[in-house]
Amino acid sequence: MSKTETLARHLEKLHINNMYKNDFYWTWDKTDDELDAIFTVADALRDLRERNISTKVFDSGLGISIFRDNSTRTRFSFASACNLLGLDIRDLDEKTSQIAHGETVRETANMVSFMADVIGIRDDMFIEEGHKYQKTFMDALDEGYEKGILEQRPTLVNLQCDVDHPTQSMADLLHVIHEMGGVENLKGKKVAMTWAYSPSYGKPLSVPQGIIGLFTRFGMDVVLAHPEGYEILPEVEDIARKNAEESGGSFKKVSSMEEAFRDADIVYPKSWAPFRAMEKRTRLYREGDRAGIDALEKELLAQNAGHKDWTCSEEMMKLTKDGRALYMHCLPADITGLSCETGEVDNSVFDRYIEPLYREASFKPYIIAAMIFLSQVKDPVGALRDLEKRGEKRKEF
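Here we summarise the structure given alongside this text. (Residues numbered from 1 in each chain as written. Predicted model: local features only at pLDDT ≥ 70, side-chain atom pairs only at ≥ 80, totals over all residues. Heavy atoms only, no water.)

### A word on the sheet that holds strand S5 (residues 190-194)
- Taken in spatial order, the 5 strands of this open sheet run S7-S6-S5-S8-S9, and their pairing is parallel. In this open sheet, the two edge strands, each paired with only one partner strand, are strand S7 (250-254) and strand S9 (326-327).
- Note that S5 and strand S6 (residues 221-225) share 5 bridges and pair parallel. Bridge pairing in S6 places threonine 194 opposite alanine 225.
- Each of strand S8 (266-269) and S9 is contacted by helix H6 (residues 166-180), which is oriented at about 155° to S8, the strand it contacts most. (Pairing = 2+ DSSP bridges. Helix = DSSP H or I, 4+ residues; strand = E, 2+ residues; numbered from the N terminus. Contact = heavy atoms within 4.5 Å. Axes fitted to C-alpha atoms, helices over the stretch in contact; angles between N-to-C directions.)

This is how it looks when you write it as structure tokens:
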């Protein structure tokens, strides 16, 4: 029996009817079966591609990406996912579109979506704005579809907002599942999600929020560590506590990187901006207070500089379980002695884990493709089997 058939049989047992024609905003809105389905389809699509079997389920259509913040990995992962399934990809550049001339979100949403199957949006820089923009965009598409303007209503993939980064956290967890030899081996594993020093400011909170909001659902012991003043959204902490209670895992906060790293199976040292400071920055941008924004940046850089000891050093890694914890990062990392004088991780640690880091990143295109597949394919089990049965070569060697 092929790997894809084994995965299709597993998918058959899951209750996932609500995924069809539905959006993906954040992981905690999805059931356990729905998350399982995304991992399952991602692995199946990867298996088919590795065997040179075409995974194109579309013969036309568009995937539209809107990146309101800089991106390399997520941008190319979304493009790769669309191409994998047979969709063309177009990136909406707000600076060169009519948006720059005052076009409304409602108008833009409908004008770009006539033949679109999926919309991927990244809007992560401003607290209370990113998710709001995504929801406003999709509400406009609901209206356009209901009034017959659009022949179909595209579905959303959240490519990162101010609250969650679901494509990243799910790619990270699928990487962990493979590294640990199966989802059944995750229970009881200690995960250290820690703040780390960066010589830059304003990094989004959605990665640590996404990690604690997802990993706590799998019976893992998740520890969130940060210096005083670097709090994340309290409502996401509440979600993590609830998830841990339901899964039999645990969630706790500590104020020491050393405590978080001690006996950890997985470490994820990553810089992020303080929640309250990001709230203030959002307000300053709304008010157009350029001087206030500049002053806040200087204040936050000085605050960061007081915590240069929060770095993933060789000494810190020795505290982990057997000194061999799995080091993870969403990339790009601030690497001490390579990309900066002092950063999130020592160059020697980063270099030692560079191959697993690349494997971690490689799961994201398949996670995104699985999200699109499950929202656009009515019979995903039949579609996977049909792709394998047809056995159409992706290319001839």
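There is more to say after this.
### Focus: helix H2 (residues 32-50)
- Relative to the 27 Å expected for 19 residues at 1.5 Å per residue, H2 spans 27 Å between its end C-alpha atoms, a close match to the ideal helical length.
- For H2, a buried count of 14 out of 19 residues is recorded, marking the element as mostly surrounded by other parts of the structure.
- With its phi angle positive at about 65°, asparagine 52 sits one or two positions after the end of H2. (Expected span 1.5 Å × (residues − 1). Buried < 20%, exposed > 50% of the residue type's maximum accessible area, 1.4 Å probe, protein only.)

### Digging into the side chain of serine 54
- Examined against the element boundaries, serine 54 turns out to sit in the loop between H2 and strand S1 (62-67).
- The exposure class of serine 54 is buried, given its relative accessible area of 8%.
- Within polar-contact distance, the side chain of serine 54 engages the backbone nitrogen of lysine 56 at 3.3 Å.
- Discounting residues that sit within four places of it in the chain, serine 54 has contacts with Leu387, Glu392, Lys393 and Arg394. (Polar contact = N/O pair within 3.5 Å; in protein donor to acceptor, adjacent residues only side chain to side chain.)

### Overview of the environment of glycine 292
- Inspection of the secondary structure puts glycine 292 in helix H11 (residues 290-305).
- Residue class for glycine 292 comes out buried when judged on its relative accessible area of 16%.
- It is 8.4 Å that separates the C-alpha atoms of glycine 292 and arginine 281, two residues lying 11 residues apart in sequence.

### Considering the packing of H2 against helix H15 (residues 364-376)
- Between H2 and H15, the least distance of the axes is 8 Å, while the angle of their chain directions is 110°. When the axes of H2 and H15 are compared, the pair comes out roughly perpendicular. Judged by the twist between their axes, the crossing of H2 over H15 is right-handed. For the pair H2 and H15, the contacting residues are Ala37, Ile38, Phe39, Val41, Ala42, Leu45, Arg46 and Arg49 in the first and Tyr366, Ile367, Ala369, Ala370, Met371, Phe373 and Leu374 in the second.
- Broken down by class, the residue content of the contact of H2 with H15 amounts to 13 nonpolar, no polar and 2 charged. (Parallel < 35°, antiparallel > 145°, perpendicular 65-115°, else oblique. Left-handed = near helix turned anticlockwise from the far one by under 90°. Nonpolar A, V, L, I, M, F, W, Y, C, P; charged D, E, K, R; others polar.)

### Structural notes on the state of the cysteines
- The tally for this structure, following the rule as stated, stands at 0 disulfides.
- Cysteine 330 supplies the cysteine sulfur nearest to cysteine 161, a cysteine that is in no disulfide, at a spacing of 15 Å.
- The thiol of cysteine 312 is unpaired, and the distance to the nearest cysteine sulfur, on cysteine 340, comes to 13 Å. (Disulfide = S-S within 2.5 Å.)

### Remarks on the pattern of salt bridges
- Throughout the structure, instances matching the rule amount to 29 salt bridges.
- The partner of aspartate 142 in a salt bridge is arginine 153, with the nearest N and O atoms 2.9 Å apart. Of this pair, aspartate 142 sits in helix H5 (residues 130-146) while arginine 153 sits in the loop between H5 and strand S4 (155-161); the two residues are 11 residues apart in sequence, bridging distant segments of the chain.
- On the basis of relative accessibility, which here comes to 14%, the residue arginine 153 falls in the buried class.
- The residue arginine 276 makes a salt bridge to glutamate 279 at a minimum N-O spacing of 3.0 Å. On the criterion of helical spacing, the pair formed by arginine 276 and glutamate 279 is a turn pair, its members being 3 residues apart in helix H10 (residues 275-287).
- Relative accessible area serves as the criterion here: at 55%, arginine 276 is assigned to the exposed category.
- When its relative accessible area of 25% is taken as the criterion, glutamate 279 is described as partly exposed.
- One salt-bridge network, in which partners are shared between bridges, spans Glu5, Arg9, Glu12 and Arg385. (Salt bridge = Lys/Arg side-chain N within 4 Å of Asp/Glu carboxyl O.)

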